[in-house]
Amino acid sequence: MDFTELRMITVAKENSEIFHRLLQCYEAEFSKITKKIPNEDGLFPLDIQLGGSIFGLILFCKNQPIGVAAVESKTSNIYEGKEFYVVPSFRRLGVGAQFAYLLFSTYPGEWEIKQIDGATDAVRFWRKTLSLANMPLTDLKEDIFHDPYWGLVTRQRFNSTQK
């Protein structure tokens, strides 16, 4: 895939519907693990709301939205990845790793990402992606952590640098 065609933009009022539609796909995919069901309107409840310290990003390939991420900025250089999703037809092409690269190099600092219990594909993706030689990060640590909301999660912590 030609990664020069990928671009990441911040969610704003004019593109927030794109973000929320793709986040619905993310919630549907994880519903087997989270046991969430859609409401009467067919929408899944979301665990995050943009605003305050939480911002969203959309990944585009040409003009097609193909992924989203939600990040909490705890301070000016401490971040927690809250959500990360790539449309299934763009997976296993290196798109997710490139999206992660763009995210971590655009927002250098201390990072924490978590995968809920049962999300074995997500754990595998993050382990592989974070170990790539070109990933702009140092001091990678992984543990099993008790998250107050999700219970036991696999957690990775690291420092990212601008490249």
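Our subject is the structure that appears above.
Computed from a predicted model, the values in this text were never measured in an experiment.

1. Here we look at the environment of Lys62
Then step 1. Its location among the elements puts Lys62 in the loop between strand E2 (54-61) and strand E3 (64-75).
Then step 2. When its relative accessible area of 52% is taken as the criterion, Lys62 is described as exposed.
Then step 3. In the structure, Lys62 is positioned 19 residues away from Leu43 in sequence and 28 Å away in space, judged by C-alpha atoms.
Then step 4. Look past the residues within four positions of Lys62 in its chain and what remains in contact with it is Glu5 and Arg7.

2. Focus on the sheet that holds strand E7 (residues 151-160)
Then step 1. Read from one edge of the open sheet, seven strands run E1-E2-E3-E4-E5-E7-E6, paired in mixed fashion. Each having just a single partner strand, strand E1 (6-10) and strand E6 (137-147) make up the two edges of the open sheet. Averaged over all pairs of adjacent strands, the angle between strand axes in this sheet comes to 25°, irrespective of strand direction.
Then step 2. Sheet topology note: the E1/E2 ladder contains five bridges and is antiparallel. The residue of E2 that forms the bridge with Thr10 is Leu57.
Then step 3. Each of E1, E2, E3, strand E4 (78-86), strand E5 (109-116) and E7 touches helix H2 (residues 95-106); the most contacted strand, E4, lies at about 155° to it.

3. Points about the nonpolar core
Then step 1. If you look at the biggest cluster of nonpolar residues, it comprises 26 residues, and the most contacted ones within it are Phe84, Leu103, Phe104, Tyr107 and Trp111.
Then step 2. Contributions of two or more residues to this core are made by E1, E2, E3, E4, H2, E5 and helix H3 (120-130).
Then step 3. Leave out the neighbours within four places in its chain, and Tyr107 touches Met8, Thr10, Phe55, Leu57, Tyr79 and Ser160.
Then step 4. Residues Val11, Phe19, Ile116 and Ala122 belong to the second largest nonpolar core, which totals 17 residues.

4. Some remarks on the layout of surface pockets
Then step 1. One number sums up the size of the largest pocket: a volume of about 1300 Å³.
Then step 2. As for the largest pocket, its lining consists of 48 residues, and the residues nearest its centre are Phe30, Phe84, Ala122, Phe125 and Trp126.
Then step 3. For the lining of the largest pocket, the leading source of residues is H3, giving eight residues.
Then step 4. Residues that form the lining of the largest pocket fall into these classes: 25 nonpolar, eight polar and 15 charged.
Then step 5. A volume near 180 Å³ is recorded for the second largest pocket.
Then step 6. In terms of lining, the second largest pocket is formed by Lys74, Ile78, Tyr79, Glu80, Glu110, Trp111, Glu112, Asp139, Lys141, Arg157, Phe158 and Asn159.
Then step 7. Among the secondary structure elements, those contributing two or more residues to the lining of the second largest pocket are E4, E5, E6 and E7.
Then step 8. Looking at the lining of the second largest pocket, its residues break down into four nonpolar, one polar and seven charged.

Thresholds applied
Residues numbered from 1 in each chain as written. Predicted model: local features only at pLDDT ≥ 70, side-chain atom pairs only at ≥ 80, totals over all residues. Heavy atoms only, no water. Helix = DSSP H or I, 4+ residues; strand = E, 2+ residues; numbered from the N terminus. Buried < 20%, exposed > 50% of the residue type's maximum accessible area, 1.4 Å probe, protein only. Contact = heavy atoms within 4.5 Å. Pairing = 2+ DSSP bridges. Axes fitted to C-alpha atoms, helices over the stretch in contact; angles between N-to-C directions. Core = buried A, V, L, I, M, F, W, Y, C linked by side-chain atoms within 4.5 Å. 1 Å grid on protein atoms, 1.4 Å probe; cavity = no way out; pocket = protein on both sides within 12 Å on 5 of 7 lines; lining within 4 Å. Points joined across faces, edges and corners; volume = space filled by probe spheres on them. Nonpolar A, V, L, I, M, F, W, Y, C, P; charged D, E, K, R; others polar.

So yeah, pure geometry; function would need other evidence.
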